[in-house]
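Descriptive analysis of the structure
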Amino acid sequence: MSGAYRAGFIAVVGRPNVGKSTLINAIVGRKVSIVTSKPQTTRHRILAVHSTGDWQMIFVDTPGIHRNAGKAMNRLMNRTAAAALADADLVLYVTDAGRFTDEDGDVLKRLASIRSPVIAVLNKVDLVHPKERLLEAIAAMAARREFEEIIPLSASKGSNVGVLVDLIPRHLPESPPLFPPEMQTDRGEDFQAAEIVREKLMILLRDEIPYGLTVQIEKYEREAGGMSIAAVIWVERDSQKGIVVGKGGSMLKRVGKAARLELADILGVPVHLELWVKVKANWADSEKDLANLGYDAP
């Protein structure tokens, strides 16, 4: 690699819940994307910028690519991931080192027409036992297509992440920085606030509810000595509203407290957070509602 400055877009793709956001957060050293154990946590394209004096990596965190894209939101997320692939200088194809599924195969097929170099990332190696299985997983991945590199790592533990970071610049084009060096993400604080509220909802609610809700910020204002935030949690049905609010407002209080504490830690000031729950029937299957709620259509 020459001494010229390098910069480029790196699309991070894979099926839902393989650790794409966890990997990006580990590389950039801060929480750019929310993380839960549930699929569909990442719904938007989010840029994470990591700069040094020699290179600038612009990671594109994408929604997981869904095999069964029944609702308009799932189709939009698939289009978002596809658009990121089309614009990428480098692709990180992330899978779970412990298992390769049909959905992983679907994503791999999408990469067949991509001209950009592709690095295979086998994540969650800390969960693979015995370690001989990891060697088998690497060999199996190598047989599926020709990759620039195959890197086993654990994004959550940080192991081998540095090896991946060291390899990336050689696959980026010579280019001046594309963003200011101090920039870390293209998303504002209000977007992050909405995502943190949604993250707490996904963590605290039972499985079927999180996919029918979204969060919209209505007020985001700095006030004397702190920050005042108001947000609406949109659900698709009245029955979901009751579950999100909880008995006597108990669930909404738990969500609000968890989100408020994290936002105060991130912003470094006290946060006053107000949450309301409202019903918008079938918003996740309406292109118009998705646009109004801030879901970008590529």
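The text that follows walks through the structure, step by step, so that each part is easy to find. From a predicted model like this one, the values you see are computed outputs, not experimental measurements.

Our next topic: the overall build of the protein. A tally of helices and strands in the protein yields nine helices and nine strands. Relative to the globule expectation of 19 Å for 298 residues, the C-alpha radius of gyration of the protein, 20 Å, shows essentially globular dimensions. The proportion of buried residues among the 298 residues of the protein is 52%. Residue pairs at least 24 apart in sequence account for 71% of intrachain contacts in the protein once pairs closer than 6 positions are excluded. When the accessible surface of the protein is split by element, carbon and sulfur atoms take 50% of a total near 13500 Å². Averaging the locations of the 39 positively and 37 negatively charged side chains of the protein gives two centres separated by 6 Å.

The subject of this paragraph is the packing of helix H6 (residues 189–204) against helix H8 (residues 250–267). Two elements in contact, H6 and H8, have axes separated by 9 Å at closest approach and are oriented at 140 degrees. Taken together, the axes of H6 and H8 are oblique relative to one another. The handedness of the crossing between H6 and H8 is right-handed. Contacts from Glu-189, Gln-192, Ala-193, Ile-196, Val-197, Glu-199, Lys-200, Leu-201 and Leu-204 of H6 reach H8 at Met-251, Arg-254, Val-255, Ala-258, Ala-259, Glu-262, Leu-263, Ile-266 and Leu-267.

The next thing to look at is the side chain of Glu-195. Structurally, the position occupied by Glu-195 is in helix H6. Beyond its immediate chain neighbours, meaning those up to four positions away, Glu-195 contacts Ile-34, Thr-41 and His-44.

To continue, consider H8. Over its 18 residues, H8 extends 26 Å from the first C-alpha to the last, a length consistent with the 26 Å expected when each residue adds 1.5 Å. For H8, the complete set of buried residues consists of Met-251, Leu-252, Val-255, Gly-256, Ala-259, Glu-262, Leu-263 and Leu-267. Seen along its axis, H8 keeps its buried residues to an arc of 145 degrees; they face one direction. Facing away from the buried side of H8, by more than 90 degrees, are the exposed residues Lys-253 and Asp-265. In the core, the buried residues of H8 are packed alongside H6, strand S7 (213–223), strand S8 (226–235), helix H7 (238–245) and strand S9 (271–279). Taken from the residues just after H8, Gly-268 is the one with a positive phi, measuring 75 degrees.

Here we come to the sheet that holds strand S3 (residues 55–61). A sheet is described by the order of its strands in space; here six strands give the open sequence S2-S3-S1-S4-S5-S6, paired in mixed fashion. The sheet is open, and its two borders are formed by strand S2 (46–51) and strand S6 (149–152), each paired with just one other strand. On average, adjacent strands in this sheet sit at an angle of 25 degrees to one another, irrespective of strand direction. Sheet analysis places strand S1 (residues 6–13) next to strand S4 (residues 90–96), joined by four bridges and oriented parallel.

Before going further, it helps to examine the sheet that holds S9. Judged by pairing direction, the sheet is mixed, and its three strands sit side by side in the order S7-S8-S9 without closing on themselves. Where the open sheet ends on each side, the last strands, each with one partner, are S7 and S9. Shown here is a sheet whose adjacent strand axes are inclined to one another by a mean of 15 degrees, direction ignored. Against the sheet, H7 makes contact with S7, S8 and S9, and its axis sits at roughly 155 degrees relative to S9, the strand it touches most.

Moving on: the packing of H7 against H8. Any two packed helices are characterised by the angle at which their axes cross and by the distance between the axes. Remark: H7 packs on H8, axes separated minimally by 5 Å, with the N-to-C direction vectors making an angle of 60 degrees. With respect to their mutual orientation, H7 and H8 come out oblique. In contact with Ile-243, Val-244 and Val-245 of H7, H8 contributes Ser-250, Met-251 and Leu-252. Taken together, the residues that form the contact of H7 with H8 break down as five nonpolar, one polar and no charged.

Tallied over the entire structure, the rule returns three aromatic pairs. When the centroid spacing of 6.3 Å and the interplanar angle of 80 degrees are considered together, the rings of Phe-9 and Phe-179 count as edge-to-face. Separated by 170 residues along the polypeptide, Phe-9 in strand S1 and Phe-179 in the loop between helix H5 (161–167) and H6 bring together distant segments of the chain. Here Phe-179 falls in the partly exposed class, since its relative accessible area comes to 21%. Positioned above the aromatic ring of Phe-100 is the side chain of Arg-144, whose terminal nitrogen or guanidinium carbon lies 3.6 Å from the ring centre. Cation over ring: Arg-145 sits above Phe-147, and NZ or CZ is 5.5 Å from the ring centre.

Bringing the environment of Ala-11 into the picture now. With respect to the secondary-structure elements, Ala-11 resides in strand S1. When its relative accessible area of 1% is taken as the criterion, Ala-11 is described as buried. The contact partners of Ala-11, leaving out residues within four places of it in the chain, are Val-60, Ala-84, Leu-85, Ala-88, Leu-90, Val-91 and Leu-92.

Rules and cut-offs
- Residues numbered from 1 in each chain as written.
- Predicted model: local features only at pLDDT ≥ 70, side-chain atom pairs only at ≥ 80, totals over all residues.
- Heavy atoms only, no water.
- Helix = DSSP H or I, 4+ residues; strand = E, 2+ residues; numbered from the N terminus.
- Rg over C-alpha atoms; globule rule 2.2 N^0.38 Å.
- Buried < 20%, exposed > 50% of the residue type's maximum accessible area, 1.4 Å probe, protein only.
- Contact = heavy atoms within 4.5 Å.
- Areas by Shrake-Rupley, 256 points an atom, 1.4 Å probe, with all protein chains shown as cover.
- Lys, Arg positive; Asp, Glu negative; His and termini not counted.
- Charge placed at Lys NZ, Arg CZ, Asp CG, Glu CD.
- Axes fitted to C-alpha atoms, helices over the stretch in contact; angles between N-to-C directions.
- Parallel < 35°, antiparallel > 145°, perpendicular 65-115°, else oblique.
- Left-handed = near helix turned anticlockwise from the far one by under 90°.
- Expected span 1.5 Å × (residues − 1).
- Arc of directions from axis to C-beta.
- Pairing = 2+ DSSP bridges.
- Nonpolar A, V, L, I, M, F, W, Y, C, P; charged D, E, K, R; others polar.
- Phe/Tyr/Trp six-rings, centres within 6.5 Å; stacked < 30°, edge-to-face > 60°.
- Lys NZ or Arg CZ within 6 Å of the ring centre and 35° of its normal.

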